[in-house]
Amino acid sequence: MSETITVFEDHSKQRIEYSTCYMCACRCGIKVTVENNNIRFIQGNREHPTNRGVLCAKGSAGIMKQNSPAKLHHPLLRKPGTARGAGEFVPISWNEALDMLTKRLQHIRSTDPNRLAFFTGRDQMQALTGLWAQQFGTLNWAAHGGFCSVNMAAGGLYMMPFAFWEFGDPDWDRTKYFMLWGVAEDHAPNPIKIALEGLKRRGAKFVAVNPARTGYQAIADEWVAIRPGTDGLLALSMVHVLLKHELFDWDFLIRYTNAPFLVIQHPGHSDDGLFWRTESGEPYAWDMCQKTFVTGTDAGIAPSLLGDYQTPDGKTVKTVFSVLAEKYLDEAYAPERVAETTGVPAETIERLALEMAHVAFEETIEIACEWTDWAGRKHDRFIGRPVSMYAMRGVSAHSNGFQSARAIHLLQILLGTIDCPGGFCAKPPYPKPVPPPIKPAQHSAPNTPLKSSPLGYPTAPEDLVIDEQGRPKRIDKAFSWESPLAIQGLLHMVITNAHNYDPYRIDTLMLFMANMAWNSSMNTAEIQKMLVAKDPEDGEYRIPFIVVSDAFHSEMVNFADLVLPDTTYLERYDTLSMLDRPISETDAVCDSIRHPILEPNRDVRAWQEVLVDLAGRLGFPAFVNAKGEPRYKGYKDFIVYYEKEPGIGFLSGWRGEKGDQHLRGAPNPKQWEAYIEHKSFFQYHLPMSLRYFRSANKDYLEFAVEAGYIPEAKPILIELYSEPLQKFRLAGLGLYDGPQPKDPVDRERLATYFDPLPIWYEPLEQQRVDAEEYPFFAVNQRPMMMYHSWDSQNAWLRQIIAQNYLYMNRERGEQMGIKDQSWVWVESHNGKIRVQVKLIEGCQHNTVWTWNAIGKQSGAWGLTPDAPEATRGFLMNHLISELLPDKQGERRLTNSDPITGQAAWYDLRVRVYPAAPGEEGVWPTFPTIKPLPEEPKQPDRLRYHTHNPVNLKS
């Protein structure tokens, strides 16, 4: 009898590398086992601050992203003589591609830099792309945020020193009552999963506000099935309850907000609604002890929170809080009045508000710790009100999302739960001044860098990027009267405006990781037509030249004139930088890197490397020396030696010539090696005395100045009442002492929506659509196992979901005679689709929804033409217009938030009805995309292993 030999895996042929995941925006730490230049498997890094070893399906499936048949292999040029969009390409060398692009960009830069429009998707390196655009001299640069969640950022940063999104988090370990607003489970999946598990174990209450009960909402202690777009009204009704019962934090409002400042009440005049200020510009308050007007920012005063007074020159002034209380105590905000609109019962609204107040004021927590406030006053403890909130795209992606985000923040502020133990806390480099002191560049000139970034934070009409006639200077119309506070641009409007020559013609559109021909555009079919449209007068394409950089064969690649293939996240150097989008936690400064773990087996280059190369070729001052020679050998060299200011670079760890300094220090030639040695991340824990009330914490403010986060160690007040918004409103009313819009439409929008206190209004598109004709709200959710359109090409993730359904409330569907898994028509004012429906209980009665971006165009992403994503998956985008419905006597306006330009994806209303017998299959359909040169054939089954299967051995 022969002896059985057990064979185990040979670990000697393997190596372990640490990096940062890029399967979504969560940026978890990963531990990658490599064998024969292939990934054996991917695990979570247990030491990493973001995920602490936890890894989701997406992260583990990075193997199949790396092995995707959709990867691009060579630079490609549209075949001469063929039509754009036909998918006919010829491979060219990198030298040919970059020489061609350099020549074109040199001409643009030397004549009119704004004829280049450079827009990027979820690139996570906007500090570099923004610097590149600033050095080129084009105003036309922006990134993903304008069509994702800019309302979350702007709504917070124009009110508080930080915001939802990547700027802050709940104090997960101490909060006792957590309310989640409009968050789908693709957002920060691992940290939120870890946090929710901890909340449940500790017995904290978890309330989810969302029209769909998926993922996070499914484990909530209470699900509030709200009607889409009414979150702000619900929050303000809770504010009404708190004010009615006098349940708010008086001390917090006086110490940390502008609630005591005096507002001029002078209707019809240019100073109405502005702060009454001293000659030096400081706002006044009324001192209760001295019985006189004092400078509201002085230490040691006893300002009144409520009151109205007469100034020496006879003007009436009121405290901010008096104006606020009068506004929200109005019965229009009473729970009984808003219940019908929100779909949330009045008794639920009142109960939730009172529950939060009880936890905030009756279950207060304290941390014994000495700290010093901005005025030098010593304190022996941090007092925390352990209620926290978090909000995301479900709130943001409405045309009222900016004000709705502010309304949710107002609710937290009244409870005193900002940057305190158990509350909603800042993540370094925040807190920052309100708003951050960066203004958008306003002027461009040939061969000249812009004086500031193309993006910034306007505080008055003088900061807009408009010409002498008041017309937009940017192709996306950001920072114009139409979208004044568009702090992250309007990516979703670039193609439409460029096609329409509105406000002018461009020469070249350069896109990175932005699938604008498919799921990243509203009105997808019409956008595809615009990409190939020609001018009838000269026969040239209306967008003359399109450059696309991506790692994969997305739908957008098909419409490129020049394709520059990117690497995957496992093949390149990359930074998650403190100058950009770091991975910080509320208690620690954190950043991280990616580094090449695998050698590319294709002729590809990282987009970061391409940008640094182009910057040298084009002679950008920040990228060349006095002789005009490239200053940096490549991206890796650039990250080491570039300094925003002395000692401040892209990476915070292991600075100084010896690598022994952190946060600030001279460049360290071995900085990349230090990061790799420390598992690709840097973490600097804040001492306990620096972790709370940082906007007024003297030691933290001084620390933040030294680290380069803020310009000076001055206290930063929460702005309950926004004077910048009031200035824009005065311009709309024709009262502002400065620039004013000429178009009555712009004047009306400013006067109506730029309220200095949070308001709620019906979303703009819904104001123009008949609710009886289109009775359903329609929204997208993003599943935990996918992110945008990135991974429905992924062989492992496709096994979890490869088609999407339209989800509908079961009771409502059965009342309408709609059967489960039947085919239905869905119509909006803009389009019509045929989809398969699923009836579920966990859906708000008036809402239908689907998973985002599962549907694909046939032949894209390396999928077979008959893939379920193309034959049974669908996009709701076909129903959505990037422009508001036409209104007589009015120019066409963007279907966006009128304040920030945020794309209003979720304002859609539809009608749903059964398809006729025999009407089955997804509609509309699109032509199959041709395979690219040397694109591998998609196998029927994809199996993957780095060696012949053997027994595992730990």
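1. Side note on the environment of glycine 314
Now for step 1: Note that glycine 314 resides in the loop between β15 (308-310) and β16 (316-319).
Now for step 2: On a C-alpha basis, the gap between glycine 314 and lysine 291 in space is 17 Å, while along the polypeptide they are 23 residues apart.

2. Comments concerning the packing of helix α21 (residues 723-732) against helix α22 (residues 744-753)
Now for step 1: Two numbers describe how α21 lies on α22: the axes approach to 7 Å, and their chain directions differ by 140°. By the angle between their axes, α21 is oblique relative to α22. Crossing of α21 against α22: the hand is left-handed. Contacts between α21 and α22 pair Phe728, Arg729, Ala731 and Gly732 from the former with Arg747, Leu750 and Ala751 from the latter.
Now for step 2: Residue composition of the contact of α21 with α22, by class: four nonpolar, one polar and two charged.

3. Observations concerning helix α16 (residues 524-532)
Now for step 1: All of the buried residues in α16 are Thr524, Ile527, Gln528, Met530 and Leu531. Down the axis of α16, the buried side of the element spans an arc of 160°, and every buried residue falls inside it.
Now for step 2: Those residues of α16 that are buried are in contact with α15 (494-499) and β22 (545-550).

4. Details of the pattern of salt bridges
Now for step 1: The full count for this structure, using the stated rule, is 56 salt bridges.
Now for step 2: For aspartate 561, the salt bridge goes to arginine 78, with nearest N and O atoms at 2.7 Å. Separated by 483 residues along the polypeptide, aspartate 561 in the loop between β22 and β23 (562-565) and arginine 78 in strand β4 (residues 76-78) bring together distant segments of the chain.
Now for step 3: Ionic pairing is found between lysine 439 and aspartate 463, a salt bridge with its closest N-O pair at 3.3 Å. Taken together, the residues lysine 439 in the loop between β20 (424-426) and α15 and aspartate 463 in the loop between β20 and α15 connect sequence positions 24 residues apart.

5. Digging into unusual backbone geometry
Now for step 1: Residue proline 503 is reached from aspartate 502 by a cis peptide bond, and omega for that bond is 15°.
Now for step 2: Relative to the assigned elements, proline 503 resides in the loop between α15 and β21 (508-512).
Now for step 3: Cis geometry is found at the peptide bond from tryptophan 923 to proline 924, where omega equals 5°.
Now for step 4: Relative to the helices and strands, proline 924 resides in the segment after β32 (909-914).
Now for step 5: One non-glycine residue with positive phi stands out, namely lysine 291, at about 55°.

6. A look at the state of the cysteines
Now for step 1: Under the definition given, this model contains zero disulfides.
Now for step 2: Free cysteine cysteine 26: the closest other cysteine sulfur is in cysteine 28, separated by 3.6 Å.

7. Details of the sheet that holds strand β2 (residues 29-35)
Now for step 1: In space, the three strands of this open sheet follow the order β1-β2-β3, with antiparallel pairing throughout. Looking along the sheet, the strands with just one partner apiece sit at the ends: β1 (14-20) and β3 (38-44). The mean angle between the axes of side-by-side strands here comes to 25°, regardless of whether they run parallel or antiparallel.
Now for step 2: Note that β2 and β3 share six bridges and pair antiparallel. Following the sheet pairing, glutamate 35 is matched in β3 by asparagine 38.

8. Quick word on the packing of aromatic side chains
Now for step 1: For the coordinates displayed, the defined rule picks out 58 aromatic pairs.
Now for step 2: The rings of Phe118, Trp132, Phe136, Phe512, Trp607, Phe620, Phe623, Tyr632, Phe638, Tyr642 and Phe650 are connected pair by pair, giving a single aromatic cluster.
Now for step 3: Here the basic side chain of arginine 84 rests over the ring of tyrosine 541, its NZ or CZ set 4.2 Å away from the ring centre.
Now for step 4: If you follow lysine 534 out to its NZ or CZ, it ends over the ring of tyrosine 541, 4.9 Å from the centre.

9. What to know about the environment of leucine 243
Now for step 1: Considering the arrangement of structural elements, one finds leucine 243 in helix α8 (residues 231-244).
Now for step 2: Expressed as a C-alpha distance, the spacing of leucine 243 and glutamate 326, which sit 83 residues apart in the sequence, is 9.7 Å.
Now for step 3: In this view, leucine 243 contacts Phe248, Phe321, Leu324, Ala325, Tyr328 and Leu329; residues no more than four positions away in its chain are not counted.

10. Comments concerning the sheet that holds β4
Now for step 1: Read from one edge of the open sheet, seven strands run β5-β4-β23-β22-β21-β6-β7, paired in mixed fashion. Strand pairing shows two members of the sheet lacking a second neighbour, β5 (89-91) and β7 (141-142), which therefore form its edges.

11. Concerning the pairing of strand β19 (residues 387-391)
Now for step 1: In terms of residue burial, β19 counts as a mostly covered element, since five of its five residues are buried.
Now for step 2: Residue alternation in β19 divides its side chains into two sets, Val387, Met389 and Ala391 and Ser388 and Tyr390, and both sets are buried.
Now for step 3: For strand β9 (residues 177-181) and β19, the ladder comprises five bridges, and the chain directions are parallel. The partner of methionine 179 across the bridge, within β19, is methionine 389.

12. Side note on the nonpolar core
Now for step 1: If you look at the biggest cluster of nonpolar residues, it comprises 288 residues, and the most contacted ones within it are Trp132, Trp181 and Phe638.
Now for step 2: Look past the residues within four positions of tryptophan 132 in its chain and what remains in contact with it is Leu105, Leu116, Phe118, Met510, Leu611, Leu614, Ala615, Leu618 and Phe620.

13. Some details on a nonpolar patch on the surface
Now for step 1: There is a patch of nonpolar side chains on the surface, built from Ile5, Val7 and Val950 and spanning about 270 Å² of accessible area.
Now for step 2: Note on placement: valine 950 falls in the segment after β32.
Now for step 3: With a relative accessible area of 32%, valine 950 lands in the partly exposed category.

14. Brief notes about the side chain of glutamine 528
Now for step 1: Assignment of secondary structure puts glutamine 528 in helix α16.
Now for step 2: Apart from the residues within four sequence positions on either side, glutamine 528 is in contact with Ala517, Trp518, Phe559, Gln857 and Phe926.

15. A few points about the side chain of serine 680
Now for step 1: Structurally, the position occupied by serine 680 is in the loop between α19 (671-677) and β26 (681-685).
Now for step 2: With relative accessibility at 0%, the residue serine 680 sits in the buried group.
Now for step 3: In contact with serine 680, other than residues within four places in its own chain, are Tyr18, Ser19, Thr20, Ser592, Ile593, His595 and Tyr675.

16. Description of a negative patch on the surface
Now for step 1: Taken together, the side chains of Asp330, Glu331, Glu336 and Glu347 make up a negatively charged region of the molecular surface.
Now for step 2: In this structure, glutamate 336 sits in helix α11 (residues 335-342).
Now for step 3: The exposed category is assigned to glutamate 336, whose relative accessible area is 56%.

17. Thoughts on the pairing of β9
Now for step 1: Counting buried positions over the five residues of β9 gives five, a clear majority of the element.
Now for step 2: The two faces of β9 match: Tyr177, Met179 and Trp181 on one face and Phe178 and Leu180 on the other face are all buried.
Now for step 3: In the sheet, β9 pairs with strand β10 (residues 205-209) via five bridges, with the strands oriented parallel. In the sheet register, phenylalanine 178 faces β10, and the bridge partner there is phenylalanine 206.

18. Brief notes about helix α17 (residues 607-617)
Now for step 1: Here α17 lies mainly inside the structure; eight of its eleven residues are buried.
Now for step 2: Looking only at α17, the buried set comprises Trp607, Gln608, Val610, Leu611, Val612, Leu614, Ala615 and Gly616.

19. Describing the environment of asparagine 523
Now for step 1: Along the chain, asparagine 523 turns up in the loop between β21 and α16.
Now for step 2: Considered as a pair, asparagine 523 and glycine 831 are 308 residues apart in the sequence and their alpha carbons are 8.4 Å apart.
Now for step 3: Non-local contacts of asparagine 523, meaning those with residues more than four positions away in its chain, are made with Asn830, Asn877, Ile880, Ser881 and Glu882.

20. Looking at the packing of α8 against helix α10 (residues 320-328)
Now for step 1: For the pair α8 and α10, interaxial distance at closest approach is 9 Å and the crossing angle is 110°. For the element pair α8 / α10, the angle class is roughly perpendicular. Between α8, through Leu236, Val239, His240 and Leu243, and α10, the contact on the second element is made entirely by Phe321, Leu324, Ala325 and Tyr328.
Now for step 2: For the contact of α8 with α10, a count of residues per class yields seven nonpolar, one polar and no charged.

Here is what the cut-offs are and how they apply
- Residues numbered from 1 in each chain as written.
- Predicted model: local features only at pLDDT ≥ 70, side-chain atom pairs only at ≥ 80, totals over all residues.
- Heavy atoms only, no water.
- Helix = DSSP H or I, 4+ residues; strand = E, 2+ residues; numbered from the N terminus.
- Axes fitted to C-alpha atoms, helices over the stretch in contact; angles between N-to-C directions.
- Parallel < 35°, antiparallel > 145°, perpendicular 65-115°, else oblique.
- Left-handed = near helix turned anticlockwise from the far one by under 90°.
- Contact = heavy atoms within 4.5 Å.
- Nonpolar A, V, L, I, M, F, W, Y, C, P; charged D, E, K, R; others polar.
- Buried < 20%, exposed > 50% of the residue type's maximum accessible area, 1.4 Å probe, protein only.
- Arc of directions from axis to C-beta.
- Salt bridge = Lys/Arg side-chain N within 4 Å of Asp/Glu carboxyl O.
- Disulfide = S-S within 2.5 Å.
- Pairing = 2+ DSSP bridges.
- Phe/Tyr/Trp six-rings, centres within 6.5 Å; stacked < 30°, edge-to-face > 60°.
- Lys NZ or Arg CZ within 6 Å of the ring centre and 35° of its normal.
- Core = buried A, V, L, I, M, F, W, Y, C linked by side-chain atoms within 4.5 Å.
- Patch = residues over 30% accessible without salt bridge, like charges linked within 9 Å, V, L, I, M, F, W, Y side chains within 5 Å.
- Areas by Shrake-Rupley, 256 points an atom, 1.4 Å probe, with all protein chains shown as cover.
- Lys, Arg positive; Asp, Glu negative; His and termini not counted.
- Charge placed at Lys NZ, Arg CZ, Asp CG, Glu CD.

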